[in-house]
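Here is how the chains run, residue by residue.
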Amino acid sequence: MKLSVVTTLYKSERFVKEFYQRITQVVQEITTDYELIFVNDGSPDNSNLEVLDVREADDKVKLIELSRNFGHHKAVMTGLTYASGDFIFLLDIDLEEPPELLLDFYSILMDKNVAVVYGVQEKRKGKYFEKITGKFFYKMFNLMSEIPIEENILMARLMTRAYVDSLKKYNEKELFLGGVFAMVGYNQISVPVAKGSRPDTTYTFRKKMSLLVNAITATSNRLLIYVFYLGLIVSVTSFVSLVYFVIRAVFYKDYLEGWPSLIVSIWFLSGLIIISIGILGIYLSKIFNEVKQRPLTVISKIHD
């Protein structure tokens, strides 16, 4: 049995040595046949040099260097593509989720005979604003998506070879892994995990909002359907209002006066039109990116 561990690097140089020591100790309790795959996602610091330093003493360490920063999820998929193990353990390098989770995940996977064991936060990390926005993210995603996902899922997961092979068949360039992980199917079990918190996260509020928009539009077309129904509701409401005002004018000589009501109506309808065009534009941009068939990432060098 071979075990692959996959992680990504972005401003991660201070975590590399500790992550390596802890994950190596844990993996060796399961098997001596393993590989550690680090994917450098265009990190601006010396993360790659730290990995190369570790690699000098351990040839089980592999480093995949991307030509630039492509994004966390795309870097993860690149690492999974090159993982050759019968089981693949995916974990972020920042140690917010302890590497020792592997032992618990492996025990559950063997005992329950499932394809995936993944972590969910026992308690949402961060302050009040982060908790509220996190809950908003999952509520909005599950409202729009055909396949809902569990709230507060983590990247930490242990997967079988069959599951990862199926996962790699999803070739879309506009990628949200949380949704794709669920779409693949198979028997999956979630495990509550006490996730740590670091104040210097690279996931800013702007990135989180961008992730929400990408997650919804990359995994579901429901937003387009909702736009249709919104237009239908506005049209029916406008027609009913028109009939009502005509009746008042003809039979009761009650004519509407004043510009405010007219201006507000114009602004309201114009806003709906702009939002609808914007949603269509987002989906068109997704199609534009997909049909060009650009590679998910570009690898500049593999240290293997």
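What you are looking at is a predicted structure, and each value in this text was computed from that prediction instead of being measured.

Quick notes on the rules
- Residues numbered from 1 in each chain as written.
- Predicted model: local features only at pLDDT ≥ 70, side-chain atom pairs only at ≥ 80, totals over all residues.
- Heavy atoms only, no water.
- Phe/Tyr/Trp six-rings, centres within 6.5 Å; stacked < 30°, edge-to-face > 60°.
- Helix = DSSP H or I, 4+ residues; strand = E, 2+ residues; numbered from the N terminus.
- Buried < 20%, exposed > 50% of the residue type's maximum accessible area, 1.4 Å probe, protein only.
- Core = buried A, V, L, I, M, F, W, Y, C linked by side-chain atoms within 4.5 Å.
- Contact = heavy atoms within 4.5 Å.
- Salt bridge = Lys/Arg side-chain N within 4 Å of Asp/Glu carboxyl O.

S.K.: Mind showing me how you'd approach the packing of aromatic side chains here?
M.R.: Working definition: an aromatic ring pair is given by the centre-to-centre distance plus the angle between the planes. Summed over all chains, the structure comprises 4 aromatic pairs. Here Phe-89 and Phe-105 contribute two aromatic rings whose centre-to-centre distance is 6.2 Å and whose plane-to-plane angle is 80 degrees, an arrangement assigned as edge-to-face. Placement of the pair is Phe-89 in strand β4 (residues 87-90) and Phe-105 in helix α4 (residues 101-112), with a sequence separation of 16 residues. A single burial state applies to Phe-89 and to Phe-105, both of which are buried. Ring geometry for Tyr-163 versus Tyr-186: centroids 5.7 Å apart, planes at 80 degrees, classification edge-to-face.

S.K.: What is the right way to read the environment of Asn-113 from this model?
M.R.: Relative to the helices and strands, Asn-113 resides in the loop between α4 and β5 (116-121). For Asn-113, a relative accessible area of 65% corresponds to the exposed category. C-alpha separation for the pair Asn-113 and Asn-187, spaced 74 residues apart in sequence, amounts to 8.6 Å.

S.K.: Can you walk me through the nonpolar core in this structure?
M.R.: Nonpolar side chains in soluble globular proteins generally cluster together in the buried interior. Phe-19, Leu-36, Phe-38, Phe-89, Leu-102, Phe-105 and Leu-158 are the most contacted members of the largest nonpolar core, which totals 34 residues. Counting residues per element, this core draws most heavily on helix α1 (residues 16-27), at 6 residues. With sequence-adjacent residues up to four places away left out, Leu-102 is seen in contact with Leu-3, Val-26, Val-27, Ile-30, Phe-89 and Leu-158. In this structure, Leu-66, Tyr-118, Tyr-163 and Phe-176 belong to the second largest nonpolar core, which totals 30 residues.

S.K.: Looking at this structure, I do not really get the pattern of salt bridges. What am I missing?
M.R.: Pairing is possible between side chains that carry opposite charge, provided their charged atoms lie close to one another. Taken as a whole and judged by the stated rule, the model has 8 salt bridges. Note that Glu-50 is salt-bridged to Lys-17, the shortest N-O span being 3.3 Å. Here Glu-50 is found in helix α2 (residues 47-55), whereas its partner Lys-17 is found in helix α1, with 33 residues between them in sequence. Judged by relative accessible area, which is 31%, Lys-17 ranks as partly exposed. Note that Glu-18 is salt-bridged to Arg-22, the shortest N-O span being 3.1 Å. Note that Glu-18 and Arg-22 are positioned in helix α1 at a spacing of 4 residues, about one turn of the helix.

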